[in-house]
Amino acid sequence: MSLLEIEPLRNIPSPQLEEIPLVDFQSVALVISSNKGEEIEADSGQFDEDASKFFTSRDSLIDRAVHDIERRLIDLDCDGSLIDAWLLTLVDHWDHEKERIVILCQNTVFLIKYDFIALYIAEYQRVRLGSIDRIIIGKLKYPSRSIAPKVQNVAYKAGGFFKNFIRQLSDGVGTNGGILNFTSSLRPKAEIQVPIKNQQAILESSGQCDRIGVRLYWCSGKQPQIAQLWNPWSKEIPWVTIISHPLLLKRGKKCRTFDVDDFVLSLRRFIHRRNESVLDPLHRCQIDESSILMETYLGLSSLVHNFGELGYFKVRGKFSF
């Protein structure tokens, strides 16, 4: 198999900004009070405050990016027509999570870093479907000698505790359920309940949610050199690992655009179709459902990178990057 079937990452020079107005729909929630004092909430796309810090929480921005990519990158003769697009998370060989637009075409998968602030294609990688020879679907797993998961669990649990503590301090002043309310602090712990809609967010911030994703291999399982594996900026790694975007959990309802499972379903259909046309079983793409090994042993850089969500375009106080 020729290595030329994989087009390496390309950096795209920053163009002049186009002054194109973006029309954002502000979601609303309908609250109906019954005679018993209960509230029934009808969610119409509402998401929590933390989700709004992501630039990609605005659907119109993602649609604009996909339209820009389709116009600039996709060659109908080479790549085929666009099938679907997702906003997912790429996990590199150093366990750094990075926001990526994933485009599935008839013959190609694109992995694109899109600058959602300056609105241009920063870099991209084109992978031919015909060059993918193995796919693994499952949980991301660390080696038995790795201390990375232990360090990350401690850090995420501590971070989740302080986030919840600050949230209750800010939301609970003057109410019956706040930490600063003296009478509520004397109540038994069994009476203090966490709203259902916040339980998933607490699990996520405490590091208790398993990362499930997919890894695509090409170059017939060729192993990279040691120097490439130890280089966090290496572009020669013959595989890519993809998981769901954090907005899948942070938004008020599940959205297929951020769901890696939806991408896997579409990819499976095209791979199965390709396998049926390949006569030699040795040249068919193998699909396995097993753990995805992340060869990270210390993981301090990925801890800082992932905990701070530095791989995503976000509003960070007075700065945005």
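In the block above lies the structure referred to throughout.
Residues numbered from 1 in each chain as written. Predicted model: local features only at pLDDT ≥ 70, side-chain atom pairs only at ≥ 80, totals over all residues. Heavy atoms only, no water.

## As for the overall build of the chain
This is how it is decided: Helix and strand labels come from DSSP, where a helix needs a run of H or I of at least four residues and a strand needs a run of E of at least two; each type is numbered from the N terminus. Relative accessibility decides the category of a residue: with a 1.4 Å probe and only protein chains considered, values under 20% of the type maximum give buried, values over 50% give exposed, and everything between is partly exposed. By definition, residues are in contact when any of their heavy atoms lie within 4.5 Å. Reported accessibility uses the Shrake-Rupley method at a 1.4 Å probe radius. Residues are deemed covered only where the shown protein chains occlude them.
Scanning the chain from terminus to terminus reveals nine helices and 14 strands. Classification of the 321 residues of the chain by burial places 42% in the buried group. If you take every contact in the chain between residues at least 6 apart in sequence, the share linking residues at least 24 apart comes to 68%. Of the accessible surface of the chain, which amounts to about 19,100 Å², a share of 56% is contributed by carbon and sulfur atoms.

## Things to note about the packing of aromatic side chains
For any pair of aromatic rings, the description consists of the separation of the ring centres together with the inter-plane angle of the planes. Operational definition: Here a Phe, Tyr or Trp ring, Trp counted by its six-membered ring, pairs with any other such ring whose centre lies within 6.5 Å, and the pair is stacked when the planes are under 30 degrees apart, edge-to-face when over 60, and tilted otherwise. A ring is scored as having a charge over it whenever the NZ atom of a lysine or the CZ atom of an arginine sits within 6 Å of its centre and within 35 degrees of its normal.
By the definition in use, this model includes six aromatic pairs. Seen in terms of ring centroids, Tyr217 and Trp239 are 5.8 Å apart; in terms of plane orientation they differ by 55°. Their pairing is tilted. Separated by 22 residues along the polypeptide, Tyr217 in strand S9 (residues 212-218) and Trp239 in strand S10 (residues 239-243) bring together distant segments of the chain. Note on accessibility: Tyr217 and Trp239 belong to one class, buried. The rings of Tyr114, Phe116 and Phe313 are connected pair by pair, giving a single aromatic cluster. Sitting over the face of the ring of Tyr217, Arg134 holds its NZ or CZ atom 5.6 Å from the ring centroid.

## Notes on helix H8 (residues 260-277)
In plain terms, the rule: To estimate how far a helix should reach, multiply one less than its number of residues by 1.5 Å. Pairs of N or O atoms within 3.5 Å make up the polar contacts considered here, provided that, within protein, one atom can donate a hydrogen while the other can accept it, and that residues adjacent in sequence are counted only when both atoms are side-chain atoms.
Between its terminal C-alpha atoms H8 stretches 26 Å, which fits the 26 Å expected from 18 residues at 1.5 Å a residue. What H8 keeps buried is the set Val260, Asp262, Phe263, Val264, Ser266, Leu267, Phe270, Ile271, Arg274 and Asn275. Two or three places before Asp261, at the start of H8, stands the capping residue Asp259, its side-chain oxygen 3.0 Å from that residue's backbone nitrogen.

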